[in-house]
Every structure is written in structure tokens, then in C-alpha cells.
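# Structural overview for review
So you can see what is in the structure, the chains are spelled out below.
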Amino acid sequence: MNRLLPIAAAAFLLAACAPTLQGTGGRIVNVKTGVEGTVAFIGNFQDRAMLPTDPDNVRLTIGERVFSGRYTVLGSSGANLGFTVGYGDPSFWPSGWQGGPYGSLSGQLPSAANLTRPGNLIAKTAPTDGQAVQTLTCTFQIDDQRHGIGSCQDSGGDSYSLQF
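Residues numbered from 1 in each chain as written. Predicted model: local features only at pLDDT ≥ 70, side-chain atom pairs only at ≥ 80, totals over all residues. Heavy atoms only, no water.

## Considerations on the packing of aromatic side chains
- Tallying each qualifying case throughout the model produces three aromatic pairs.
- A centroid spacing of 5.0 Å and a plane angle of 90 degrees characterise the contact between Phe41 and Tyr71, whose relative ring orientation is edge-to-face. A residue pair is termed long-range when its members are at least 10 positions apart, and Phe41 in strand β2 (residues 36–41) and Tyr71 in strand β4 (residues 65–73) qualify at 30 residues.
- Here the aromatic rings of Phe41 and Phe164 are separated by 5.2 Å at their centres, their planes lie at 70 degrees, and the arrangement is edge-to-face. Within this pair, whereas Phe41 is found in strand β2, its partner Phe164 is found in the segment after β10 (159–163), the two being separated by 123 residues in sequence.
- An aromatic cluster of three or more residues is present, and its members are Phe41, Tyr71, Phe140 and Phe164. (Phe/Tyr/Trp six-rings, centres within 6.5 Å; stacked < 30°, edge-to-face > 60°. Helix = DSSP H or I, 4+ residues; strand = E, 2+ residues; numbered from the N terminus.)

Here is the structure:
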């Protein structure tokens, strides 16, 4: 448990440094060479699961390569959990159980602060003469303020860090 606290603190600090996403994008950096690129989300950022038939919603530019594809985020932001507890006529309860008058209690649990949700991104380059299509796959975590951090790998084996 004590090991998780520094990891969570580091993730929080990285997310706090990331630019807030407002339909624009972020950055991607090759961890070996340091080549930096841009991430542009097409339209407004949708923090929801995308369907396979949805159009491309992200464009990444790394050096001369331009990747186009889709991202998706699982879960929902600011989810609140509700609860209901009911109690009724004690004559219906199994023997030995204690009961009270009829009634129920319901309420809403507060949402967790900075709840993160997982997402992924899959993009590819357009086919060109003499060059094979390249793919880029990323996994990331996003918080309720739409800050995200993650890691990516391309089809050539290069690794990248992603932040938005």
C-alpha cells in the first residue's frame, strides 16, 4: 500500500502539468530520440466509448509522419453512485430477524475526486508509394478535468510518451 502512494502522487503531478484539453490537443514524444510531435483531437473531445464505425477523431504528427485514427475512453466522468435501502413488515422476514416499520432510505454517494478512466488510441499513416502503412497504438488515463497521460508504441517498435 505504501508503494502506491508515491506512484499515485507522481501520476497526479504529471496530469497537473499536462495542458487542459479544450478541443485542441497535446503532445507526443519519442522516448528514445526525443523527437516531439503533436496530437490534435478533431471536433470536441468526447470522453466516451466510440463505435468502430465512427469517423476518425484524432490526428498525430510526429516528424514527417501523419497518423489518423480514433481514440476512445471507457467509463463516464463524474459518476455518482446511488443507493436505496428498504425495510418492511417484520412478519415477512425469516424467523429471528429484527425489523422496523415500513419505509426506505435512498441517497447519492459523493463522486471520488480525480477519478481517472482508461482510454486507448489507434491510428495509422496513409498508404504512400513505396512505403508501408505504419500504425500507432496508445493507452492513456484521463481525469475529470480532461488531462491525460499515456504511452504509445508504433509498428516499428519505437515507444512514445503522450500527454494532453
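## What to know about the confidence of the model for the protein chain
- When pLDDT is averaged along the protein chain, the result is 75, and 62% of the positions lie at 70 or above.
- The least confident element of the protein chain, judged by mean pLDDT, is helix α1 (residues 4–17) at 44; the most confident is β10 at 97.
- Of the regions scoring below 50 in pLDDT, residues 4–23 engages in 22 contacts with residues more than four places distant in sequence or in other chains. (pLDDT = per-residue confidence, 0-100. Contact = heavy atoms within 4.5 Å.)

## As for the pattern of salt bridges
- With the rule as written, the count across this model stands at four salt bridges.
- The residue Asp154 makes a salt bridge to Arg65 at a minimum N-O spacing of 3.3 Å. Of this pair, Asp154 sits in strand β9 (residues 148–154) while Arg65 sits in strand β4, and the two are 89 residues apart along the sequence. (Salt bridge = Lys/Arg side-chain N within 4 Å of Asp/Glu carboxyl O.)

## Let's talk about the pairing of β9
- Across seven bridges, strand β8 (residues 135–142) lies against β9 in antiparallel orientation. Across the sheet, Phe140 pairs through a bridge with Gly150, a residue of β9.
- Hairpin connection of β8 to β9: five residues between the antiparallel strands, including Arg146 at a positive phi of 65 degrees.
- Here five bridges tie β9 to β10, and the two strands are oriented antiparallel to one another. (Pairing = 2+ DSSP bridges.)

## Considering the nonpolar core
- Formed by 20 residues in total, the largest nonpolar core has its most connected members in Ile28, Leu60, Tyr71, Leu121, Leu136, Phe140 and Leu162.
- For this core, the secondary-structure elements that each account for two or more residues are β2, β3 (58–62), β4, β7 (117–125), β8 and β10.
- If you tally residues by element for this core, the top one is β8, at four residues.
- When near neighbours in sequence (up to four residues on either side) are disregarded, Ile28 contacts Val35, Glu36, Gly37, Thr38, Val39, Leu60, Ile62, Leu136, Cys152, Tyr160, Ser161 and Leu162. (Core = buried A, V, L, I, M, F, W, Y, C linked by side-chain atoms within 4.5 Å. Buried < 20%, exposed > 50% of the residue type's maximum accessible area, 1.4 Å probe, protein only.)

## Quick look at the pairing of β3
- Judged by which residues are buried, β3 turns out to be one-sided: Val58, Leu60 and Ile62 face inward and are buried, whereas Arg59 and Thr61, on the alternate face, are not.
- As paired strands, β2 and β3 are joined by five bridges and run antiparallel to one another. Paired with Gly37 across the bridge in β3 is Ile62.
- Note that β3 and β4 share five bridges and pair antiparallel. The partner of Val58 across the bridge, within β4, is Gly69.
- The antiparallel hairpin formed by β3 and β4 contains two residues in its connecting segment, where Gly63 sits at a positive phi of about 60 degrees.

## Some details on the side chain of Arg117
- Tracing the backbone through its elements, the reader meets Arg117 in strand β7.
- Look at Arg117 and you get buried, because its relative accessible area is 3%.
- At 3.0 Å, the side chain of Arg117 forms a polar contact with the side chain of Asp144. (Polar contact = N/O pair within 3.5 Å; in protein donor to acceptor, adjacent residues only side chain to side chain.)

## Describing the sheet that holds β9
- Strand order around the closed barrel formed by eight strands is β1-β2-β3-β4-β7-β8-β9-β10, with antiparallel pairing between neighbours. Neighbour to neighbour, the strand axes of the sheet diverge by 25 degrees on average, direction disregarded. (Axes fitted to C-alpha atoms, helices over the stretch in contact; angles between N-to-C directions.)

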